[in-house]
Structure formats: structure tokens, C-alpha cells
Amino acid sequence: MIKLSEPKRIQQLDEFTIGHIAAGEVVERPAQVVKELLENALDASSTSIHVEIERGGFDLIRIEDNGSGIHENDLQLALSRHATSKLRQPEDLNEIHTLGFRGEALASIGVVSRLTVASRPEGQEGRSIAMEDGIKGSIKPTGMANGTVVTVEHLFQNTPVRLGFQRRPATEHARIVEVVVAHAIAHPSVAFRCTIDGRSTLNLPSSSSIEDRLYDVLGGQSSNLLVLAPPANDADVPGDESWTGYISAPDISRGKGDEIHIFVNDRPVASTPFHQAIRRGYRTRLMQGRHPVAVLHLRVPANEVDVNVHPTKREVRLRHSWRVLERLERAIANTLATSPTQPDSSGELQELEGLAQSEQNQPIQELLMPVDKEVQGQKQSTAPPWALTAGTQLNLVGQVADEAVELTEKPRPQSIAASAQKSLPGLSSTPVAPALSHEERDLHRHAGCGGSVSPTAESPLVGGEYNLPAMEPLSQFADSYILAQAGEELLLIDQHALHERIRYERLRNDESLWTPQPRLVPSRIELTLAQQARMESFLDRFQELGFLLEKQGDGQWDVTQAPRLLDGDEVEPFLLDLLQDISEDGAPLETIERRKDHLAFLNACRGAVKANDTLTIAQMRRLLEDMRNVPNPWACVHGRPTALRLPLDSLDKHFGRHG
Ligand code: ADP
Ligand code: MG
């Protein structure tokens with residue numbers, strides 16, 4: 001019998017295995033290799049760097065620089081683990097001034113590829129050394145210009161497990177361009193070129209100003225960015241760190257945070273740890289789930305930042321992180337407060353202004369609970385898919401924007417039947433529905449709820465009958481509510497909420513709205529270099545979705561075909577969001593559904609009748625008929641109730657007709 005408790009004996013791993021383990025962390029994917037090699041080129045004070053990629057970097061990564069080069073006696077060492085020219089003693093770790101310092105990159109890359117390093121310092125001859133699967137070759141003379149050329153071939157071919165987890169070459173191309181772009185923003189004076197599968201995808205001349213570099217990288221949108229302006233008294237705050245950079249006005253936003261570039265002492269770092277501070281700086285100006293475009297440079301004394309916390313150095317630790325983040329927040333808030341922005345457009349929200357703010361946020365599921373189980377057939381506790389989508393978009397469930405809802409009252413038409421009426425028993429004085437959240441108001445604003453479409457001018461809603469009683473319009477109250485008789489009940493229906501809901505169902509389910517339609521006048525959109533790289537990688541996907549795009553050069557693209565529903569000015573935000581969402585491998589399908597929901601939602605609001613719109617009986621009748629084809633018609637798109645129901649029974653009780 002095997003003794004289970006017998007200890008397994010410990011063994012010192014051999015160098016080769018150790019190398020493989022280390023390589024696992026440092027070189028996770030081709031873009032990571034490019035990042036390490038770029039860092040080396042920049043550390044060598046290069047002023048011109050050329051990146052060449054073939055098949056996502058799996059076949060070839062070649063980086064040529066004109067930097068200081070490697071002494072021929074050091075070539076062997078350069079490929080050894082923990083051998084570096086950037087550190088001498090442990091104390092040096094406290095103050096890192098170079099991008100690299102771990103001395104692992106070349107050694108790790110050489111374990112999982114065929115690596116060649118050729119180098120020629122000024123005044124010396126060129127020499128090269130190769131390393132394959134971790135085995136170093138001998139040093140050979142080679143003819144070359146001053147600088148260093150590193151070539152990586154057959155990446156991960158000896159590591160099938162790693163290879164199996166790799167993304168498509170197209171995805172990797174996009175990621176590689178992002179890596180190069182990040183470094184290019186950090187080092188405007190260095191010229192960068194990037195050639196992918198023989199095509200030149202990026203050609204950035206050396207520029208003396210960061211503005212020029214930003215223009216080259218981000219295109220025209222860079223001129224809309226605001227210069228980060230910390231408050232005047234910020235210098236008095238303790239601390240030697242400072243922030244400079246550019247941020248977008250709140251009306252330019254993205255669905256993801258990947259157009260936020262953060263640099264700590266010129267090192268591109270992951271931006272996520274900074275998102276919260278940035279969002280706080282924007283206060284309530286940004287919609288939930290939206291992110292600004294930003295290029296932010298933090299200068300901090302080298303001994304106040306620990307770069308040695310992550311093998312790929314994507315994350316750094318700041319000694320006074322709290323103070324640094326607060327400084328950023330202040331700088332953003334001050335920038336926005338001091339730059340002229342567009343006046344708050346309002347005036348389209350009156351229809352929902354009568355609602356007071358409820359004390360607590362009701363979860364959307366609760367709001368969506370059928371009012372009466374006889375009507376809906378059965379009580380459901382889960383919201384229908386559309387509501388869940390709307391809910392996640394609008395964050396009705398989670399925290400509502402912390403801004404107080406301040407709304408201006410527009411005089412409403414008075415009803416003539418003006419006897420002093422007390423509220424009915426059971427008609428609670430606390431609102432059933434929460435007030436419009438900040439996000440919803442933004443959506444309404446964005447939808448520019450312009451003219452309304454007459455319900456009778458629209459095609460009848462078809463679809464399942466949802467077991468509603470027959471309803472007969474009686475009249476309209478305050479030009480905002482429809483009074484309807486439904487069997488033994490009097491219904492008070494919010495006309496805007498109902499129409500919006502009906503339009504939403506129609507738009508969401510009408511697939512023909514999503515059919516591709518050629519545009520006589522193409523929409524011109526402008527893409528950043530990184531976006532262009534992604535677009536080129538995913539052109540076929542976009543075509544599947546109904547878009548045809550033609551590259552016009554200089555970052556300009558013409559959209560010559562797009563889904564029918566998309567208005568001219570909706571094409572660009574839709575495409576940009578999509579572009580971000582498919583930048584990594586995730587299939588875009590889920591995104592598409594979400595975007596479709598979002599658009600249907602905007603358009604639903606746009607054409608819906610408003611409060612204060614006088615309706616004819618025919619129009620009311622039509623709304624009530626359509627209501628019968630809406631699943632769960634008792635909630636509007638925002639999860640608020642559409643109707644108040646007054647059963648005859650309760651009225652009788654109220655007026656003492658019972659017993
Ligand atoms: P690290 O950058 O952390 O020092 P690497 O493995 O990336 O470790 O590189 C090892 C050494 O090789 C570096 O310290 C540097 O001296 C030298 N080296 C690598 N690439 C270049 C380059 N492109 N130009 C000049 N020297 C380089
Ligand atoms: Mg390095």
C-alpha cells in the first residue's frame with residue numbers, strides 16, 4: 001500500500017526549466033515581446049526605431065534601432081538571465097531611471113523562440129549572437145549600421161501550451177500597434193516606424209512637441225483635447241509629483257477606458273488604477289460606463305515609485321498614491337471648470353419632471369414586477385431581457401449618479417375639471433418610481449427628444465398578445481395622461497412612457513432596420529492609428545455587421561454602407577464603440593446586441609409623444625392597441641411604471657358604495 005503521507009522530495013530545478021518558468025511571466029504574447037524590445041531600444045537612447053512584424057509576430061518580430069548598441073564582450077551576457085547594464089547594486093532598485101532593469105527579457109525570449117541579437121556600438125564592428133530554444137550560439141561578425149537589431153522568429157513554437165492560448169494574428173497586430181503607439185506618445189522625439197506583413201502601418205517622424213506627436217497618433221481629435229490645468233495653488237500642496245497632459249471635454253467619450261494613456265515617468269502603465277480618480281475629476285459630467293480620452297503624464301521622483309512589482313512592469317506602486325490621485329482629480333476638475341464647455345441643453349425632460357426623488361433606489365426587478373398577477377399570468381421576479389439591458393446600461397440597480405436631480409418646472413396645462421380632489425386611499429404620496437437618474441437624463445438629452453411621431457402614423461405593433469383586457473380611451477388629462485377604461489378598472493397611463501416602450505419594441509424587433517443600406521453621401525469618420533489597425537484587422541467583421549468602409553488616407557475613412565437605422569451622426573459613435581469592444585478576441589455578438597438595444601432605446605425616446613402633446617382619441621386608441629402587443633407593458637424602458645390602475649372596487653370603497 002502507498003503511504004499517502006510520504007513527503008515528496010525537493011529538487012533544485014535546472015537552468016533550462018527555470019528559464020521556461022521565467023519566460024512564462026515575461027513573454028506572454030507577441031505584443032509583450034515587442035514591448036520589451038522597444039524598452040531596450042529606448043533605454044539605449046535610440047532616436048529612430050523600426051518594428052517589423054509578420055503574422056502577428058508569431059513568424060517574425062524584428063526591431064531595429066540606432067541606439068548605443070551592446071559591447072561585443074557583453075553580447076553573451078545580454079542573453080543571460082539576470083544580466084543587465086541598468087543595475088549595479090540592490091540600492092539601485094530604489095531609484096530606477098530606465099524602462100528595463102530585470103535583465104530577463106532577452107533571456108526569456110530566447111527560451112521560447114529563435115532569437116538573434118546583432119549590435120554595433122559606434123566605432124566598433126557589428127557582431128551577432130543567436131539563441132534557439134534557450135541554447136546560445138557563438139558570436140559572429142556581421143555588417144550593419146550603428147545600433148541594434150533584434151530578431152525573434154518562431155515564437156512559442158517550442159511551447160505548444162502557450163501557443164494554444166494565443167490570439168489571432170490580426171488581434172495581435174492591433175495590440176502591437178497599441179504598444180508602439182503608447183511608447184510613441186511617451187517619446188515624441190523618437191521616430192517610430194511599424195511595418196506589418198510588409199505594409200507600413202505607422203510612420204511617425206521625430207517631433208519636437210508632444211502636440212505634434214499626439215496629432216500624428218490620435219488624428220484630428222487631438223485638437224479637441226483640453227490641456228490639463230492644475231489649480232493655481234496646486235504647487236503649494238506637499239509633494240514633488242506633477243501631472244501634465246490632455247483630457248477630452250465630457251462630450252467626447254468612449255465605451256471603454258483604453259483611450260486613457262497613463263505614463264509614469266515616461267513609462268506606459270495600466271490605466272485602470274487611475275480610472276476612479278479620473279472619473280471623480282469629471283464629477284457627473286461623464287455618463288456611467290463612459291470613459292474620456294486622456295493622455296496623462298505623471299512626473300514623480302524616481303524613489304517614490306516602485307516599478308518592481310510586476311514581471312511585465314505594467315503596474316507600478318506609488319509611495320503616495322492617494323496624494324497623487326487626488327492631485328490628478330483636482331487637475332481634471334479644474335481643467336473642466338475653467339474651460340468653456342457647451343451649455344447644458346435641457347428642456348426635453350419636462351415629461352418626467354413631476355416625479356419627486358425617491359429616498360431609496362428600487363431594484364429594477366421590483367419596479368418591473370407585474371402590478372397584478374392576474375394580468376400578467378404569473379408573477380415573475382426576473383426582468384425581461386430588454387429591461388436587464390436597459391438596467392445595466394443605465395445602472396438603475398446600482399448607484400444612481402450622486403448628483404442631485406435639479407429640474408426646472410415648465411407650466412403644465414391645467415385640467416378644467418378643477419374640484420378640490422383628495423388623493424385616493426392607497427395612492428401613496430411617495431412616488432412609485434425613482435426620479436430620472438443622471439444617466440437617463442443624459443440619454444434623453446443625447447436622444448435629443450425632438451419632434452414626436454404620431455402613433456397613428458406608425459405601423460401597428462405585431463407580436464404576441466399579452467393577455468391584457470380590452471381598453472377603451474376615455475380622455476386625456478393634462479395633455480400628459482391617457483384615461484382609459486379596462487374592464488373593471490380605470491387606467492391612468494403616462495403617454496410618453498407608453499409610446500416610448502412601444503417604439504422600443506418595434507425598433508428592437510424589426511430586423512429590417514438593421515439591414516445594410518448603401519449611403520449616397522458616405523459618412524466620414526476619423527480614426528486614430530490604433531483604431532485604424534483594429535479596423536483593418538476586423539474589416540470582415542464589420543462587413544458582416546452591415547458596414548462597408550473605405551480608407552481615404554490620413555486617418556479618414558468613408559462609411560459607404562451602414563445599417564438602415566443609423567443616422568448620419570450615429571454612425572461614428574456606434575463604430576467607435578464597436579471597434580473598442582472587438583479589439584480583443586471576444587466575439588462582437590454580445591456587443592452588437594447591447595448596441596442595438598441602446599440605439600433602439602435612443603430612437604424610441606426620440607420619436608415618442610411627449611407630455612403636453614395633445615392626443616386625439618384615435619391616437620390614444622392606437623397606443624392602447626399597441627400596448628397589448630408589448631411584453632410587460634406596465635413598465636417603461638427605464639423600468640418606471642407606465643400606468644396607474646384604479647380598480648372600480650377601490651373607488652366604490654372610497655365613495656362608500658360598499659356594504
Ligand atoms: P534589461 O533591459 O532589464 O536590462 P534585457 O534582457 O532586456 O534586460 O536586456 C539585457 C541587456 O542587453 C540590457 O541591460 C542592455 O544592456 C542590453 N540591450 C538589450 N537590448 C539592447 C538594445 N536594443 N540596445 C542596446 N543595448 C541593449
Ligand atoms: Mg529590457
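This one's a predicted model, so the numbers in the text were calculated from it and none came from an experiment.

Draft legend 1. Molecular detail of the sheet that holds strand 19 (residues 489-494). Judged by pairing direction, the sheet is antiparallel, and its four strands sit side by side in the order 17-18-19-23 without closing on themselves. The open sheet is flanked by strand 17 (472-477) and strand 23 (643-647), the only strands paired with a single partner. If you compare each strand with its neighbour and ignore which way they point, the axes differ by 20° on average. Here strand 18 (residues 481-486) pairs with strand 19 via six bridges, running antiparallel. Across the sheet, residue Ala 484 finds its bridge partner in strand 19, namely Leu 491. Against the sheet, helix 14 (residues 495-509) makes contact with strand 17, strand 18 and strand 19, and its axis sits at roughly 75° relative to strand 19, the strand it touches most.

Draft legend 2. Molecular detail of the site of ligand 1. In the vicinity of ligand 1 lie 19 residues, with Asn 40, Thr 84, Ser 85, Lys 86 and Gly 103 positioned nearest. At 3.0 Å from an oxygen atom of ligand 1 is found a main-chain nitrogen or oxygen belonging to Phe 101. Here Ala 105 contributes a backbone N or O atom positioned 3.2 Å from an oxygen atom of ligand 1. Mapped onto the shell around ligand 1, the elements with two or more residues apiece are helix 2 (30-43) and helix 4 (105-111). Of the residues contributing to the shell around ligand 1, the split by class is eight nonpolar, seven polar and four charged.

Draft legend 3. Seen up close, the pairing of strand 18. Residues Ile 482, Ala 484 and Ala 486 line the buried face of strand 18, whereas the alternating positions Tyr 481, Leu 483 and Gln 485 sit on a face that is not buried. In this structure, strand 17 lies alongside strand 18, joined through five bridges in antiparallel fashion. Directly across from Phe 477, in strand 18, lies its bridge partner Tyr 481. Where strand 17 hands over to strand 18, the hairpin turn is made up of three residues, of which Ala 478 adopts a positive phi near 55°. Between the antiparallel neighbours strand 18 and strand 19 lie two residues, among them Gly 487 with a positive phi of about 60°.

Draft legend 4. Highlighting the nonpolar core. By size, the foremost hydrophobic cluster in this structure holds 57 residues, and its most contacted members are Val 34 and Phe 192. Residue contacts for Val 34: discarding those within four places in its chain leaves Val 51, Ile 53, Ile 61, Ile 63, Ile 176, Val 179 and Val 180. Listed in part, the 30 residues of the second largest apolar core include Ile 96, Val 305, Val 324 and Leu 336.

Draft legend 5. How the structure looks around the sheet that holds strand 22 (residues 556-563). The strand order across the open sheet built from three strands is 20-22-21, with neighbouring strands paired in antiparallel fashion. Since the sheet does not close on itself, it has two edges, and those belong to strand 20 (516-526) and strand 21 (548-553), each with one partner. Across the sheet, the mean angle separating the axes of adjacent strands is 20° when strand polarity is ignored. Bridge analysis of strand 20 against strand 22 gives seven bridges, and the strand direction is antiparallel.

What counts as what
Residues numbered from 1 in each chain as written. Chains lettered and ligands numbered in written order. Predicted model: local features only at pLDDT ≥ 70, side-chain atom pairs only at ≥ 80, totals over all residues. Heavy atoms only, no water. Pairing = 2+ DSSP bridges. Helix = DSSP H or I, 4+ residues; strand = E, 2+ residues; numbered from the N terminus. Axes fitted to C-alpha atoms, helices over the stretch in contact; angles between N-to-C directions. Contact = heavy atoms within 4.5 Å. Near = heavy atom within 4 Å. Polar contact = N/O pair within 3.5 Å; in protein donor to acceptor, adjacent residues only side chain to side chain. Nonpolar A, V, L, I, M, F, W, Y, C, P; charged D, E, K, R; others polar. Buried < 20%, exposed > 50% of the residue type's maximum accessible area, 1.4 Å probe, protein only. Core = buried A, V, L, I, M, F, W, Y, C linked by side-chain atoms within 4.5 Å.

Interpretation note: all reported values are geometric properties and have no functional meaning in isolation.
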